[in-house]
Amino acid sequence: MQVDSALARELRHHYLFSAMTDAQQGRLLATSVPRRLAPGEHLFSRGDAAAYSFLLRSGCVKLYRLSAEGDEKIMRLIRPSQTFAESIMFMDVPRYPVSGEAVEAAELVAFNRETFLGILQESFATCRAVMAQMTRRIQAHWDEIETLALQNSRYRVVHYLLGLVASGAVGRVTVDLPTRKVVIAAHLAVTPETLSRTLRALSDEGLIEVAGDEVTIADVERLRRHMH
């Protein structure tokens, strides 16, 4: 892959790559593959042999599983600058545990598993830093699972909106919903009607303002206190 200076800068600030030296990052990029997906196009299916992890640069990708009855459960919605399928690096027989599909047109970078693993094997410092960051991510996923499983729909919606806010942001903040509301509703395990009703209730209470796919949070801390 031809080195993209903007991509190199993006990786420098990403948790998965920030501990790498310039030389290590260059090795990784040399074996990386750019991908473009059309809306509805599959990236991989559950059980497929896994050779790559991914960074989403634009668009939206859903990770999902199908039940025995064929019902789709969205496990995660990937937004730009987020990575996914990192866990395949450490599998003895790497296979994707979920399916991945573009919700809208998407641009990605696919990172070669063997190259990444080789870098980690050669540098304990890099491996330790990456594992520490991945552990934090795993904890965050457990927190999200708890939210989806144990909390009511209103809590889930508020939690999701706060998850779109940049770290450290305070006061009045505007965020863009990364995909269609019907997809977000499926991810939150609520009906589209419940999502719309909850957003309307939060708006009526002066906590948010909704204009199409744009949501303005009147006060981030106030909305966060609303969860307790």
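The coordinates are above.
About the cut-offs
- Residues numbered from 1 in each chain as written.
- Predicted model: local features only at pLDDT ≥ 70, side-chain atom pairs only at ≥ 80, totals over all residues.
- Heavy atoms only, no water.
- Salt bridge = Lys/Arg side-chain N within 4 Å of Asp/Glu carboxyl O.
- Helix = DSSP H or I, 4+ residues; strand = E, 2+ residues; numbered from the N terminus.
- Buried < 20%, exposed > 50% of the residue type's maximum accessible area, 1.4 Å probe, protein only.
- Pairing = 2+ DSSP bridges.
- Phe/Tyr/Trp six-rings, centres within 6.5 Å; stacked < 30°, edge-to-face > 60°.
- Polar contact = N/O pair within 3.5 Å; in protein donor to acceptor, adjacent residues only side chain to side chain.
- Axes fitted to C-alpha atoms, helices over the stretch in contact; angles between N-to-C directions.
- Parallel < 35°, antiparallel > 145°, perpendicular 65-115°, else oblique.
- Contact = heavy atoms within 4.5 Å.
- Nonpolar A, V, L, I, M, F, W, Y, C, P; charged D, E, K, R; others polar.
- Arc of directions from axis to C-beta.

## So, the pattern of salt bridges
Here the structure, examined in full by the defined rule, presents nine salt bridges. With a closest N to O distance of 3.0 Å, R172 and E209 form a salt bridge. Of the two residues, R172 sits in the loop between helix 5 (153-163) and strand 7 (173-176) while E209 sits in strand 8 (residues 208-211), which places them 37 residues apart along the sequence. You can call R172 exposed: its relative accessible area is 52%. When its relative accessible area of 41% is taken as the criterion, E209 is described as partly exposed. Of the charged contacts in the structure, one is a salt bridge between K181 and D213, with a shortest N-O distance of 3.9 Å. With K181 in helix 6 (residues 181-187) and D213 in the loop between strand 8 and strand 9 (214-217), this residue pair connects regions lying 32 residues apart in the sequence.

## Looking at the pairing of strand 8
Sheet topology note: the strand 8/strand 9 ladder contains four bridges and is antiparallel. If you follow A211 over to strand 9, its bridge partner there is E214. Following strand 8, the chain reverses through two residues before pairing antiparallel with strand 9; G212 in that reversal takes a positive phi of roughly 65 degrees.

## Notes on the packing of aromatic side chains
Under the defined criterion, the tally for this structure stands at seven aromatic pairs. Measuring from ring centre to ring centre gives 4.0 Å for F44 and Y96, while their planes differ by 15 degrees; the resulting arrangement is stacked. Of this pair, F44 sits in strand 2 (residues 42-44) while Y96 is found in the loop between strand 5 (83-84) and strand 6 (99-112), placing the two residues 52 residues apart along the sequence. This pair shows no difference in class: F44 is buried, exactly as Y96 is.

## Considerations on helix 3 (residues 113-122)
Burial analysis of helix 3 places seven of its ten residues in the buried class, which makes it a mostly covered element. Buried residues of helix 3: R113, T115, F116, L117, G118, I119 and L120, and no others. You can read the cap of helix 3 off the contacts: a side-chain oxygen lies 2.9 Å from the backbone nitrogen of E114, and it is on N112.

## Some words on the pairing of strand 7
Burial of the side chains of strand 7 is restricted to one face: V173 and V175 are buried, whereas none of T174 and D176 on the reverse face is. Here strand 7 runs beside strand 9; their pairing, made up of four bridges, is antiparallel. Across the sheet, residue V175 finds its bridge partner in strand 9, namely V215.

## A closer look at the packing of helix 5 against helix 7 (residues 192-204)
Between helix 5 and helix 7, the least distance of the axes is 10 Å, while the angle of their chain directions is 75 degrees. Overall, the two elements helix 5 and helix 7 adopt an arrangement that is roughly perpendicular. Where helix 5 abuts helix 7, its residues S153, R154, V157, V158 and L161 lie against T194, L195, T198, L199, A201 and L202. For the contact of helix 5 with helix 7, the class distribution of residues is seven nonpolar, three polar and one charged.

## Some thoughts on the sheet that holds strand 8
The strand order 7-9-8 describes an open sheet built from three strands, whose pairing is antiparallel. In this open sheet, the two strands that pair with only one neighbour each are strand 7 and strand 8. Going across the sheet, the axis of each strand differs from the next one's by a mean of 20 degrees, ignoring polarity.

## Some words on helix 1 (residues 5-12)
Taken as a whole, helix 1 has its buried residues at L7, A8 and L11. For helix 1, the angular spread of buried residues about the axis comes to 100 degrees, placing them on one side. The elements touched by buried residues of helix 1 are helix 2 (22-30), strand 3 (52-66) and strand 6.

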